[in-house]
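# Examination of the molecular architecture
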Amino acid sequence: MLRGAIAAAVTPLRDEGAALDEEAFGPYLDFLAAAGLDGILALGTTGEGILLSAAERRRAAELFVDGPLPAIVHCGAQTTAETCALAEHAAGAGAAGVAVISPPYFALDDTALLTHLATAARAADPVPFYVYEFNALSGYAVPLPVLERLRDRAPNFAGLKVSDKPFEAVEPYLLDGLDVFVGAEELVLAGMERGAAGAVSGLASVFPERVVALVRDGAGDVGALRRELDRFPFQAAAKFVLGRRGVPVREDVRAPLRRLSEDEQRELDAWLESS
């Protein structure tokens, strides 16, 4: 079971975001491993997973799993069938866990959401299954009774990634017997004080050493660092900064996401030089 500092990894792309950049996966994953991370979450929000085709997600999952760090693979999709197909593939490929966000667009009631999550968990069995709670992106929160019932329906239900804000929105999900990872870096220490298992951090995809220090030593003002990157389109900014740090990841993102403008690049460069 994973605990500690986990990076919500970017997904290397090329051809203006139209294809996976397979050659970049190895150097990027080595960069993350060298910082002392405990694992990665692949194909989540930072990793643009929902924008990739099912075939691309399967191939990317294989590349992430083949890296030096244990990988939880996000398999959430719009339909139950696609979610389960991705979850079964990730489990078979050797993923350390499978994570699933609630399907966006339709606000599912408790019965529909429970059925969706339990079916996905069965597809991933026996690999640990994590619910990805992110109200702002899915459009609705996972009700606590659904999680309690999921425990009875899915023996491999291991925990959650909770990316909600403020802390009052995170705290109800810190349930006994489940490994909960906090997504908002500025809330990680408060979460760990209440029993969270660690962080699954988008910032760790770019500055892994800073998040490792935060989780293990409580050191560093990573909230300010994240806020600086959030002034730009995050996925594009993350890849731009990785390039500036010597990691051979292109700036390409999958449309409708966009790359940074030249003005944004200059502004981000000026910040990197001054920090």
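Please read these numbers as outputs of a predicted model, since none were measured by experiment.

A rise of 1.5 Å per residue sets the reference length of helix 12 (residues 262–274), with its 13 residues, at 18 Å; its end C-alpha atoms lie 18 Å apart and thus fit the reference within 8%. Of the residues making up helix 12, those classed as buried are E264, Q265, L268, D269 and W271. Projected down its long axis, helix 12 shows its buried positions confined to an angular sector of 160°, all on one face. For helix 12, the exposed residues set more than 90 degrees away from the buried face come down to E262, D263, E273 and S274. Looking at the buried residues of helix 12, the elements they touch are helix 10 (222–229) and helix 11 (234–244).

On to the side chain of S163, then. Here S163 is to be found in the loop between strand 8 (157–162) and helix 7 (167–170). Here the side chain of S163 touches K161 through a polar contact of 3.5 Å, side chain to side chain. In this view, S163 contacts Y132, E133, F134 and G183; residues no more than four positions away in its chain are not counted.

Next up on the list: the packing of aromatic side chains. Scanning all chains against the criterion turns up four aromatic pairs. Over the aromatic face of F234 sits the side chain of R226, whose NZ or CZ is 4.0 Å from the ring centroid.

Enumeration according to the criterion identifies two cavities of 30 Å³ or more in this entry. If you add up the space inside the largest cavity, you get close to 50 Å³. Residue lining of the largest cavity: L41, I72, A99, Y130, L160, K161, F181 and V200, and that is the complete set. Considering only residue class, the lining of the largest cavity consists of seven nonpolar, no polar and one charged. Size it by volume and the second largest cavity reaches roughly 40 Å³. Residue lining of the second largest cavity: L43, R57, R58, A61, V73, H74, C75, L86, H89 and A90, and that is the complete set. A per-class count over the lining of the second largest cavity returns six nonpolar, two polar and two charged.

For the structure on display, the rule yields 21 salt bridges. When the shortest N-O distance is used, the salt bridge between R226 and D230 registers 3.1 Å. Judged by relative accessible area, D230 falls into the partly exposed class, the value being 40%. The salt bridge partner of E228 is R231, with a shortest N-O separation of 2.5 Å. Here the salt bridges do not stand alone but share partners, grouping E22, R59 and E62 into one network.

Turning to its location among the elements, K161 is positioned in strand 8. Buried within the structure, K161 lacks any salt-bridge partner; its nearest side chain of opposite charge belongs to E185, at an N-O separation of 7.7 Å.

This paragraph deals with unusual backbone geometry. A cis amide bond links D125 with the next residue in sequence, P126, at an omega value of 10°. On the secondary structure map, P126 appears in the loop between helix 4 (110–124) and strand 7 (129–133). Of the consecutive residues K165 and P166, the connecting peptide bond is found in the cis state with omega at -10°. Along the chain, P166 falls in the loop between strand 8 and helix 7. Positioned with a positive phi, L43 is a non-glycine residue whose angle comes to about 65°. Looking at the secondary structure, you find L43 in the loop between strand 4 (39–42) and helix 2 (54–65). The class of L43 is buried, set by a relative accessible area of 1%. In this model, Y105 sits at a positive phi of 85°, which is unusual for a non-glycine residue. Mapped onto the elements, Y105 comes out in the loop between strand 6 (97–101) and helix 4. Since its relative accessible area comes to 72%, Y105 is described here as exposed.

Criteria and cut-off values
- By convention here, each chain's residues receive numbers from 1 onward along its written sequence.
- Whole-chain, interface and lining totals are the exception, using all residues; otherwise, since this is a predicted model, local features are given only for residues with pLDDT of at least 70 and side-chain atom pairs are given and counted only at 80 or more.
- To obtain the side-chain values, all non-hydrogen atoms of the structure were included, while hydrogens and water were left out.
- Only DSSP runs of H or I with at least four residues qualify as helices, and only runs of E with at least two residues qualify as strands; both kinds are numbered from the N terminus onward.
- What a helix should span is 1.5 Å times the count of its residues minus one.
- Only protein chains enter the calculation, and the probe is 1.4 Å; a residue is then buried if its accessible area is under 20% of its type maximum, exposed if over 50%, and partly exposed in between.
- Each C-beta atom gives one direction from the helix axis, and the arc is the one those directions make.
- The contact definition used throughout considers only heavy atoms, calling two residues in contact when any of these lie within 4.5 Å.
- By the criterion applied in these results, polar contacts are pairs of N or O atoms within 3.5 Å in which, for protein atoms, one can donate a hydrogen and the other can accept it, and in which residues neighboring in sequence qualify only through two side-chain atoms.
- In summary, the pairing rule links any two rings of Phe, Tyr or Trp, Trp by its six-membered ring, whose centres are within 6.5 Å, and it sorts them by plane angle into stacked for under 30 degrees, edge-to-face for over 60 and tilted for everything else.
- Only lysine NZ and arginine CZ atoms are considered, and such an atom sits over a ring when it is within 6 Å of the ring centre and within 35 degrees of the ring normal.
- Lining residues are defined by having an atom within 4 Å of a point belonging to a cavity or pocket. Those points lie on a 1 Å grid over the protein atoms alone, cavities being sets where a 1.4 Å probe fits but cannot get out and pockets being open sets with protein on both sides within 12 Å along at least five of seven lines.
- Grid points are joined across faces, edges and corners, and a volume is the space filled by probe spheres set on the points.
- Polar here means any residue other than Ala, Val, Leu, Ile, Met, Phe, Trp, Tyr, Cys and Pro, which are nonpolar, and Asp, Glu, Lys and Arg, which are charged; Gly is therefore polar.
- Salt bridge criterion: a side-chain nitrogen from Lys or Arg within 4 Å of a carboxyl oxygen from Asp or Glu.
- The charged-residue count follows a simple rule in which Lys and Arg add positive charge and Asp and Glu add negative charge, with His and chain termini not counted at all.

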